[in-house]
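# Inside the fold
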Amino acid sequence: MDNWIGEFKKDPRHSGIFLDFDGTISDIAPKPGIAQLHPRAAHILPSLATRYPLCVLSGRRAANVAEIVGLPHIHYIGVHGMEWLEDEPKIDPEILPFLPRLDRARQKLQSELDELPGVTVEDKMLTLGLHYREAPEQEDKALDLAQKLADTLGLKVRRGRKVVELRAPVDVDKGTALGRLSHAWRLKRALYAGDDLTDVDAFRGLRRLIREGGFEGTAIAVLSDETPIELEAVADITVLGVDGLLDILAQL
Ligand SMILES: [Mg+2]
């Protein structure tokens, strides 16, 4: 493990750091609205961002995660790779044709949600998330409803930590976003750290770059008692919680 850290430090300009937000550099909050950047991350990231290309790649809206992290010299990508924050938020063009379908899903959800007390909808415009952290007994019903809407409207379902999301049926995810930025930044190596199922996409993105050649990738799974086994299975390194990851980042 120390080997890749040495390579990063020798050549920071070509070494990219890609980080998920919730559960990775922020402790999981009972409601998405109150999550905060971990205080140690707030201390470590500014100095990393002056030396390394650094991107926070979140499931949140890009402007939202940029506001919560609140640090300069960081590239922010939101909605699992679908929204890029440049001068202003930019939606990936592949998603645009599917916005009307998401609209219909939004309308249908409003009428169906009465059946699922405690479940809340997080509307990220490009995805609709059904959160059941506050009502875990509703998990099966929430999953069924999401699948039913996806089947009827031609959308795709993705699961996360206590959430199920409806998305456009296109291959735009954290992995494709990581690939695009790694090429744009001419990276020779990168690390990606995340804690959830959508982070498996980013790990796959790293693998694709490695297969293309001339690239080294380090996939870091941030473990908690909710870690999906799929994530742990494909990681190069596992760390215990946000603090475990920050211990590694502090060495860079
Ligand atoms: Mg996360």
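As recorded in an unreviewed UniProt entry, the protein goes by Trehalose 6-phosphate phosphatase and comes from Candidatus Solincola sediminis. In its Catalytic activity (unreviewed entry) section, UniProt records this for the protein: "alpha,alpha-trehalose 6-phosphate + H2O = alpha,alpha-trehalose + phosphate". Database annotation for the protein, UniProt heading Function (unreviewed entry): "Removes the phosphate from trehalose 6-phosphate to produce free trehalose."

All right, on to the sheet that holds strand β6 (residues 120-123) then. Strand order in this open sheet of four strands is β6-β7-β9-β8, and the pairing throughout is antiparallel. The sheet is open, and its two borders are formed by β6 and β8 (156-160), each paired with just one other strand. Direction aside, neighbouring strands of the sheet carry axes that sit 25 degrees apart on average. Note: β6 against strand β7 (residues 127-131), four bridges, orientation antiparallel. By the bridge assignment, Asp 123 is partnered in β7 with Leu 128. Contacting β6, β7 and β9 (163-167), helix α4 (residues 99-112) runs over the sheet at an angle of about 30 degrees to β7.

The rules we used
Residues numbered from 1 in each chain as written. Predicted model: local features only at pLDDT ≥ 70, side-chain atom pairs only at ≥ 80, totals over all residues. Heavy atoms only, no water. UniProt positions renumbered as here; feature names shortened; annotations may be inferred. Pairing = 2+ DSSP bridges. Helix = DSSP H or I, 4+ residues; strand = E, 2+ residues; numbered from the N terminus. Axes fitted to C-alpha atoms, helices over the stretch in contact; angles between N-to-C directions. Contact = heavy atoms within 4.5 Å.

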